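Analysis of the macromolecular model
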Amino acid sequence: MESILLEITNHVALVTINRADALNAFNYEILLGLQKKVEDIRTNPEIRAVIFIGTGEKAFSVGADLKERKTLSDEQVKRNLYKINEVFTAIDNLPQPTIAAINGFAFGGGMELALACDFRISAREAVMGLTETSLAIIPGAGGTQRLPRLIGMAKALELILTARRLSAPEAISLGLLTKVVERKELVTECFAFCSQLLANGPIAVQQAKFAIKNGMNTDLYTGLQLERKAYEVTLPTEDRIEALQAFTEKRKPIFKGK
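These notes cover the structure that comes with them. (Residues numbered from 1 in each chain as written. Predicted model: local features only at pLDDT ≥ 70, side-chain atom pairs only at ≥ 80, totals over all residues. Heavy atoms only, no water.)

**Side note on the packing of helix α5 (residues 143-151) against helix α6 (residues 153-162)**
Helix packing geometry: the angle between the two helix axes and the distance between the axes. Interhelical geometry of α5 versus α6 gives an angle of 135° and a closest axis separation of 7 Å. For the element pair α5 / α6, the angle class is oblique. The hand of the α5/α6 crossing is right-handed. For the pair α5 and α6, the contacting residues are Gly143, Thr144, Leu147, Pro148 and Ile151 in the first and Met153, Lys155, Ala156, Leu159 and Ile160 in the second. Looking at the contact of α5 with α6, its residues break down into seven nonpolar, two polar and one charged. (Axes fitted to C-alpha atoms, helices over the stretch in contact; angles between N-to-C directions. Helix = DSSP H or I, 4+ residues; strand = E, 2+ residues; numbered from the N terminus. Parallel < 35°, antiparallel > 145°, perpendicular 65-115°, else oblique. Left-handed = near helix turned anticlockwise from the far one by under 90°. Contact = heavy atoms within 4.5 Å. Nonpolar A, V, L, I, M, F, W, Y, C, P; charged D, E, K, R; others polar.)

Structure below.
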């Protein structure tokens, strides 16, 4: 059975970690499969938004496969660490908007995958956290960097150093989540959120994401330059002309991503 599933519906890619028997834990095979799917998504112009989810109702992902890790040499552990960083960075850098559909437990690397996404929509029953210090290690797939950028250093320090687990209502109160919904509505809500993104110009959405994410990692002056360059990318597009024409004709624009 394929470890990572990819289904494309109406310009939305649904990526499923397909290892429910191990609570969708990341072994090396899973990481390689996820990397391949992310590469395919990046180069597919028909995909305008991406949803990541885990198989089953128990877990989004509980992170690294500890059963596998007990069998690995130090060199293999480092190999896995480098690979998970590489894959999650690729997800973070996807031009398309990304949504983590947190359908259950999201611990360690599973939470770090969610943090690598642009948005996080969670089932009400989900529990999440960066729990690595309870295993005498630290978050190693971006958690120590992405979490404080999202919720602030003091709260990130508290959560990581205590290995605290959060309920979905707690997580949304901290700004970790975009929305909390009933479990049975999770996938539907994620696709509904994607429909809001798809209503807008695909190139404009990607360039706005690029300007925001890259601008946040630099000074204001450089960020403003990035914004201007990103804006200029939209100027020669067919979609921009279509938007103006649709406005004149008082109708909804039909965007083609060109």
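Moving on, there is more to tell.
**Points about the layout of surface pockets**
The volume enclosed by the largest pocket comes to roughly 960 Å³. Together, 30 residues line the largest pocket, and Asp92, Asp118, Ile212, Lys213 and Met216 are the ones closest to its centre. Secondary-structure elements contributing two or more residues to the lining of the largest pocket are α3 (74-92), β7 (119-123), α5 and α9 (202-215). With eight residues, α9 is the single largest residue contributor to the lining of the largest pocket. Within the lining of the largest pocket, the residues separate by chemical class into 14 nonpolar, nine polar and seven charged. The calculated volume of the second largest pocket comes to roughly 700 Å³. For the second largest pocket, the lining is made up of 33 residues, of which Val62, Gly63, Ala64, Asp65 and Leu66 are closest to its centre. (1 Å grid on protein atoms, 1.4 Å probe; cavity = no way out; pocket = protein on both sides within 12 Å on 5 of 7 lines; lining within 4 Å. Points joined across faces, edges and corners; volume = space filled by probe spheres on them.)

**Some remarks on the pairing of strand β1 (residues 4-9)**
Pairing of β1 with strand β2 (residues 12-17), which is carried by six bridges, proceeds in the antiparallel orientation. Bridging from a neighbouring strand, Leu6 pairs with Val15 of β2. (Pairing = 2+ DSSP bridges.)

**Quick word on the nonpolar core**
Formed by 43 residues in total, the largest nonpolar core has its most connected members in Leu34, Phe88, Ile91 and Met128. Discounting residues that sit within four places of it in the chain, Phe88 has contacts with Phe26, Leu34, Gly109, Glu112, Leu113, Ala116, Ala141 and Arg146. Ranked by size, the runner-up nonpolar core spans 15 residues in total, among them Ile53, Ile121, Ala123 and Phe193. (Core = buried A, V, L, I, M, F, W, Y, C linked by side-chain atoms within 4.5 Å. Buried < 20%, exposed > 50% of the residue type's maximum accessible area, 1.4 Å probe, protein only.)

**Re the packing of aromatic side chains**
Across all of its chains, the model carries three aromatic pairs by this definition. A ring pair is formed by Phe26 and Phe88, whose centres lie 5.7 Å apart and whose planes are at 70°; its orientation type is edge-to-face. Of this pair, Phe26 sits in the loop between β2 and α1 (28-42) while Phe88 sits in helix α3, placing them 62 residues apart in sequence. Judged on exposure class, the residue Phe26 and its partner Phe88 are both buried. (Phe/Tyr/Trp six-rings, centres within 6.5 Å; stacked < 30°, edge-to-face > 60°.)

**Thoughts on a nonpolar patch on the surface**
A contiguous nonpolar patch, built from Leu66, Leu135 and Ile137 and spanning about 260 Å² of accessible area, is present on the exposed surface. With respect to the helices and strands, the residue Leu66 is situated in helix α2 (residues 66-69). The partly exposed category is assigned to Leu66, whose relative accessible area is 43%. (Patch = residues over 30% accessible without salt bridge, like charges linked within 9 Å, V, L, I, M, F, W, Y side chains within 5 Å. Areas by Shrake-Rupley, 256 points an atom, 1.4 Å probe, with all protein chains shown as cover. Salt bridge = Lys/Arg side-chain N within 4 Å of Asp/Glu carboxyl O.)

**Re the sheet that holds strand β8 (residues 127-129)**
Strand order in the open sheet made by the four strands is β4-β6-β8-β9, with mixed pairing throughout. This sheet does not close on itself; its edge strands, each paired only once, are β4 (59-61) and β9 (166-167). Taken together, the two bridges between β4 and strand β6 (residues 105-107) define a ladder with parallel strand orientation. Following the sheet pairing, Ser61 is matched in β6 by Ala106. Against the sheet, helix α4 (residues 109-116) contacts β4, β6 and β8, and its axis sits at roughly 90° relative to β6.

**Regarding α5**
Every buried residue of α5 is accounted for by Gly143, Arg146, Leu147 and Ile151. Viewed end-on, α5 has its buried residues packed into an arc of 105°, placing them on one side of the element. (Arc of directions from axis to C-beta.)

**A closer look at the pattern of salt bridges**
Once the charged atoms of two side chains with opposite charge are near each other, the side chains can pair. In the structure shown here, the tally under the stated rule is 16 salt bridges. Residues Glu189 and Lys179 are paired through a salt bridge, measuring 2.9 Å at the closest nitrogen-oxygen approach. Residue Glu189 is located in helix α8 (residues 186-198), and its partner Lys179 is located in strand β10 (residues 179-181); the two are separated by 10 residues in the primary sequence. The partly exposed category is assigned to Glu189, whose relative accessible area is 23%. Here Arg251 and Glu249 are joined by a salt bridge, their closest N and O atoms 2.6 Å apart.

**Re the sheet that holds β2**
Read from one edge to the other, the open sheet built from six strands follows the order β1-β2-β3-β5-β7-β10, with strand pairing classed as mixed. On the outer flanks of this sheet lie β1 and β10, each paired with one strand and no other. When the angles between neighbouring strand axes are averaged without regard to direction, this sheet yields 20°.

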